[in-house]
Every structure is written in C-alpha cells, then in structure tokens.
Amino acid sequence: MLSHYCRVLVCRIDLHPQTASADNQAISLFLKNLESTLSSKYRTKIIFHCAREQDGADKEHYHLELMLSSHRVQHSSKLLSIVKNMWKEQGTVAFVDKPYCIIRRGDKASIKAALYRSSYLAKEHTKKLNGKAKGFISNKLKPSARFDLSTDLMLVDPNITFEQKRRKQLYKANPPATSSANPKAATKTKYGWFVTLDHSQQLKECIASSSSLSHLLDATELEHTMPLDHTYRGLQAPHEPRSGHIPI
C-alpha cells in the first residue's frame, strides 16, 4: 500500500456471525463486496486481512483489518459505519478500542506501531477449532511499478530518520521552561491509536520538518517544537474487545 500512497489508514473491527460456518464462503463473499463498495465510494485501492478464530465458543468470529489511502479516508468513523451496515444481516460487530492509525511512507516509527497492533491477528491458539477452514483471508495487490522494490525507502527514509533525531535532540537540549507552557500541546482522542497534537502544534511540526519553510518559525519556536515520536505516547498493546462487550 505504501508503494501506492505515501499515507495509509489502517483500521480494525471485529465481526461476529449469527450462525457458525464450516468454511469461509460467506465471509469471503462479504469481503469481496466490502472491497468493491469501499473502492467505489472512496476511489482508493483496498487491502484487507481477516483472521478467523474460534476459542471455546459455538461459532467463529473474525478480526478484520482494512488499509485504504489516507488521502481519501482520514478517520475511521464513517468507514466502520459502512462495515457495520453491510454486516448487520449476517451478525453483529464489535468496535475495538482506538481502531485506526495512519502509517507514512519512510516513517519507520508509524509502521512499527501499526505492525504491533496488527500482530494480534497472527496469534495461533484461537485458530485450532477452524477445522479445514483457512485461518487467514486476504486480497492481493501488486506494488506500484513506480517504486524500486530493491530499496527500503518505503519503510525507512534516511531524510525522515535524520530529521526525527535532529528534532528530538533539539527538544532534549532545550526543553520547555515549564510543563504548563502549552497545556494543550497534546490532546487525547478516543478514536485514534495515538495521542495527537493540537492544530497549532501540528502546523509547527509541518513547518519545522520542511527546510524551505523553517524561516516561518523563529529560533525559539523551532527549538521547542515537540519531537515526532511524542505522537506515539499512549500506544496500547494489541487486544480484543473486553469479554463483556455489547455487540452492536
């Protein structure tokens, strides 16, 4: 996906069918229709990963992860609503805590965090009761022909890494005078995976990351700009919805 888009939204939701199925025919058809619907609505390429699991229950459930262009979809709310409406005739959905994040081409930190959350789908012990049904269902997408796959620039861009380290060092060398200097520098959201900066701080981040715009910030502001990795504080471990969740 990062070969096609420099920003990709990664989103999670869980699907609970009304009745058990010995194969993946029904979920495969649903995923095919979902891919077609989302691709048409948002005009973006789609990648989905779906893990089938059953652990002591009388029927299986599915962990679904979707990847779309973040240029087209910047938040998971409407996206998850579409999935819920399309699945309602087959069962219920469960929304996971902090269901989405945005990964960026060349930004290893954003990709690493997404992989950490996504790795929950790969656990083995809940797939023993799947029988002959495959534990994983996914579609295929060829990489963009514009990218040289022999390089790692999609995952690690030296310029981005250098800039992150430079700004982190500046921040450590010149911390804010008081912790209350900018009380709204970081605001929590129940929708994203990470703690996010307020709009004014995000603007400073963007200006500071571009050498051609750095003249718009004075020296004091540049030195006190928050490091990029500040946005990843608050990352939580992978998890399913709590056992007492209420299906929606």
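Check the entry above for the structure.
Residues numbered from 1 in each chain as written. Predicted model: local features only at pLDDT ≥ 70, side-chain atom pairs only at ≥ 80, totals over all residues. Heavy atoms only, no water.

Student: Honestly, the overall build of the chain in this entry has me stumped. Any pointers?
Tutor: Within the chain, the secondary structure is distributed over six helices and eight strands. When the elements of the chain are put in sequence order from the N terminus, they spell out β-α-β-β-α-β-β-α-β-α-β-β-α-α. The long-range share in the chain, meaning contacts at least 24 apart out of those at least 6 apart in sequence, stands at 78%. Total accessible area on the chain stands at roughly 14,500 Å², and carbon and sulfur atoms take up 55% of it. (Helix = DSSP H or I, 4+ residues; strand = E, 2+ residues; numbered from the N terminus. Contact = heavy atoms within 4.5 Å. Areas by Shrake-Rupley, 256 points an atom, 1.4 Å probe, with all protein chains shown as cover.)

Student: Just to check I follow, could you spell out the nonpolar core for this structure?
Tutor: What tends to happen in soluble globular proteins is that the nonpolar side chains get buried as a cluster. Residues Leu15, Ile27, Leu38, Leu64, Leu66 and Leu68 are the most contacted members of the largest nonpolar core, which totals 26 residues. Where this core is concerned, the elements lending two or more residues are strand S1 (7–17), helix H1 (25–42), strand S2 (47–53), strand S3 (61–69) and helix H2 (77–87). Looking at which element gives the most residues to this core, the answer is H1, with six residues. Dropping the residues within four chain positions of it, Leu38 is found in contact with Arg43, Thr44, Ile46, Leu66, Leu68, Leu79 and Ile82. By size, the runner-up hydrophobic cluster in this structure holds 11 residues, among which are Met1, Met67, Ile111 and Ala114. (Core = buried A, V, L, I, M, F, W, Y, C linked by side-chain atoms within 4.5 Å. Buried < 20%, exposed > 50% of the residue type's maximum accessible area, 1.4 Å probe, protein only.)

Student: Explain the environment of Ala51 to me, please; I cannot follow it from the model alone.
Tutor: Mapped onto the elements of the fold, Ala51 is located in strand S2. Note on Ala51: relative accessible area 0%, which makes it buried. For the pair Ala51 and Lys123, spaced 72 residues apart in sequence, the C-alpha to C-alpha distance is 9.4 Å. Dropping the residues within four chain positions of it, Ala51 is found in contact with His61, Tyr62, His63, Leu121, Lys127, Gly135 and Phe136.

Student: Got a minute to help me understand the packing of aromatic side chains in this structure?
Tutor: Each pair of aromatic rings is reported with the distance of its centres and the angle of its planes. Across all of its chains, the model carries two aromatic pairs by this definition. Ring centres of Phe30 and Trp87 lie 4.9 Å apart, and the angle between their planes is 70 degrees; on these two criteria the pair is classed as edge-to-face. Of this pair, Phe30 sits in helix H1 while Trp87 sits in helix H2; the two residues are 57 residues apart in sequence, bridging distant segments of the chain. When its relative accessible area of 3% is taken as the criterion, Phe30 is described as buried. Ring centres of Tyr62 and Trp87 lie 6.5 Å apart, and the angle between their planes is 80 degrees; this geometry places the pair in the edge-to-face category. Highlighted residues: Tyr62 in strand S3 and Trp87 in helix H2, separated in sequence by 25 residues. By relative accessible area, Tyr62 is classed as buried at 2%. (Phe/Tyr/Trp six-rings, centres within 6.5 Å; stacked < 30°, edge-to-face > 60°.)

Student: What is the right way to read the pairing of strand S5 (residues 100–104) from this model?
Tutor: In summary, the side chains of a regular strand alternate between the two faces of the sheet. Burial runs high along S5: four of the five residues are buried. Pairing between S1 and S5: five bridges, direction antiparallel. Each bridged residue has a counterpart across the sheet, and for Cys11 the counterpart in S5 is Tyr100. (Pairing = 2+ DSSP bridges.)

Student: Help me understand the pattern of salt bridges in this model?
Tutor: In a structure, side chains of opposite charge can pair up when their charged atoms sit close to one another. By the definition in use, this model includes five salt bridges. With a shortest N-O distance of 3.8 Å, Glu60 and Arg52 are connected by a salt bridge. Like Arg52, Glu60 is buried. With its nearest N and O atoms 2.6 Å apart, the salt bridge here joins Glu163 to Arg166. Remark: Arg166 and Glu163 occur in helix H4 (residues 158–173); sequence separation between them is three residues, near one turn of the helix. (Salt bridge = Lys/Arg side-chain N within 4 Å of Asp/Glu carboxyl O.)

Student: Is there a simple way to think about the packing of H1 against H2 in this case?
Tutor: Each pair of packed helices can be described by the angle between their axes along with the distance between the axes. The interhelical angle for the contact between H1 and H2, taken along N-to-C directions, is 140 degrees, at an axis separation of 11 Å. Between H1 and H2, the angle is such that the two are oblique. Relative to H2, the crossing made by H1 is right-handed. Contacts between H1 and H2 involve Ile27, Phe30, Asn33, Leu34, Thr37, Leu38, Lys41 and Tyr42 from the former and Lys78, Leu79, Ile82, Val83, Met86 and Trp87 from the latter. Grouping the constituent residues of the contact of H1 with H2 by class yields 10 nonpolar, two polar and two charged. (Axes fitted to C-alpha atoms, helices over the stretch in contact; angles between N-to-C directions. Parallel < 35°, antiparallel > 145°, perpendicular 65-115°, else oblique. Left-handed = near helix turned anticlockwise from the far one by under 90°. Nonpolar A, V, L, I, M, F, W, Y, C, P; charged D, E, K, R; others polar.)

Student: How should the pairing of S3 be read in this particular structure?
Tutor: Burial of S3 is extensive: nine of the nine residues sit out of reach of the surface. Here S1 runs beside S3; their pairing, made up of eight bridges, is antiparallel. Residue pairing across strands places Cys11 opposite Leu66, the latter belonging to S3. Pairing of S2 with S3 involves seven bridges; the strand directions are antiparallel. Residue His49 lies in a different strand from S3, and its bridge partner there is Glu65.

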